[in-house]
Amino acid sequence: MSAPVAKASTCCGKSAECVCAKQATCSCGKQSALHCTCDKANSENAVEGPRCSCRARPAGQCTCDRASAENQKPAGNACACGTRPADACTCEKAADGGFNPTDLETDFTTKN
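Residues numbered from 1 in each chain as written. Predicted model: local features only at pLDDT ≥ 70, side-chain atom pairs only at ≥ 80, totals over all residues. Heavy atoms only, no water.

Draft legend 1. Seen up close, the overall build of the chain. Scanning the chain from terminus to terminus reveals three helices and zero strands. Taken from the N to the C terminus, the helices and strands of the chain come in the order α-α-α. With 112 residues in all, the chain has 32% of them scored as buried. In the chain, the share of contacts with a sequence separation of at least 24, taken over all contacts with a separation of at least 6, comes to 52%. (Helix = DSSP H or I, 4+ residues; strand = E, 2+ residues; numbered from the N terminus. Buried < 20%, exposed > 50% of the residue type's maximum accessible area, 1.4 Å probe, protein only. Contact = heavy atoms within 4.5 Å.)

Okay, here's the thing in structure tokens:
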């Protein structure tokens, strides 16, 4: 049995964990990405389509410290969906397209 993947294959690689996913916030900036509680929660907490490198935000809407680079259109060849570089696809077509950063979290609020 293989160990769970600790971060997306496209992650920045700053550490063993994905630093960018921890920095990312929802669009209103009040909650961590994928944990939105505002009126946009249904769309903000969904993980589908092309994503930023850490997979916590939609492609082009990154909010971590890499946002200026992440939110630019690819300069060279693009992946099938056209929003990411060809070698950094993050949509469902990617080799690890099902990666969801929240799968690695432990919800201590429901633990006894």
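Draft legend 2. How the structure looks around the environment of Cys-89. Tracing the backbone through its elements, the reader meets Cys-89 in the segment after α3 (67-70). With 38 residues separating them along the chain, Cys-89 and Arg-51 place their C-alpha atoms 8.4 Å apart.

Draft legend 3. Geometry of the side chain of Arg-84. Counting through the fold element by element, Arg-84 comes out in the segment after α3. Among the residues examined, Arg-84 registers a relative accessible area of 6% and is labelled buried. In terms of polar contacts, Arg-84 uses its side chain to reach the side chain of Glu-70, at 3.0 Å. (Polar contact = N/O pair within 3.5 Å; in protein donor to acceptor, adjacent residues only side chain to side chain.)

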